[in-house]
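Structural description and commentary
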Amino acid sequence: WDGVGLGWRVFDISIGYDENTDFINPTVFIINPVDLSTLNSIISIKAELSDNYGIDESRINIYIGDENVDRTMLNYDNQTGILMFQWDTSLYSDDIYRLRVVVFDEEGNRAEAQVTIVIDNGLIAFNKWWPWLLFIFASI
């Protein structure tokens, strides 16, 4: 017996289910950064995505904390299965974040991988402080 979707398959007899339906989840592996990395500046987020039929490119998401990254910034190569994203950590506060990659295949099966990362931009994060630094130098 095998309860599959909305139908049943008993040995070689299929009742109410399409044998061509994909019930296998895609796979996600985060290549970079590794879990518990300490990051600063601009880094490349890199993940490997694969599926037995194909990844739904419109349903690839990267989350930093609870924030969904703008999809136009994601670069997915369906030939190699590599997902890339350039992340500027100086736009984020120093803290511990959960980085998640969530993907769906063409049948709607879901997969997720996550790593925990630490952002430590140092004493001065230039992207946040440049207006103040400019004001100080102009005042002098």
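Our structure is the block above this text.
Now for a description of the structure that goes with this document. Residue numbering note: each chain is counted from 1, following its sequence as written. Only residues with pLDDT of at least 70 get local features here, since the model is predicted, and only at 80 or more are side-chain atom pairs given and counted; chain-wide, interface and lining totals rely on the full set of residues. Side-chain figures throughout are based on the complete set of non-hydrogen atoms in the structure, without hydrogens or water.

**Points about the overall build of the chain**
Heads up, the rule is: In this text, helices come from DSSP runs of H or I with a minimum length of four residues, and strands from runs of E with a minimum of two, each type numbered from the N-terminal end. Exposure classes here rest on a 1.4 Å probe applied to the protein chains alone. A residue is buried below 20% of its type maximum, exposed above 50%, and partly exposed in between. Two residues form a contact once any of their heavy atoms are found within 4.5 Å. Method for areas: the Shrake-Rupley scheme with a 1.4 Å probe, in which residue coverage is limited to the protein chains shown.
For the chain, the count of helices and strands is one helix and 12 strands. Listing every helix and strand of the chain by position from the N terminus yields β-β-β-β-β-β-β-β-β-β-β-β-α. Taken across its 140 residues, the chain has 36% of its residues classed as buried. A fraction of 59% describes how many contacts in the chain between residues 6 or more apart in sequence connect residues 24 or more apart. Of the accessible surface of the chain, which amounts to about 9,200 Å², a share of 55% is contributed by carbon and sulfur atoms.

**A short note on the sheet that holds strand β12 (residues 110-119)**
To keep things clear, this is the line we draw: Strands are labelled as partners when DSSP assigns at least two bridges between them.
One open sheet accounts for five strands, arranged β5-β12-β11-β7-β8; its pairing is mixed. With one partner strand each, in any of the chains shown, β5 (37-39) and β8 (67-68) form the two edges of the open sheet. Across three bridges, the pairing between β5 and β12 is parallel. Following the sheet pairing, S37 is matched in β12 by I117.

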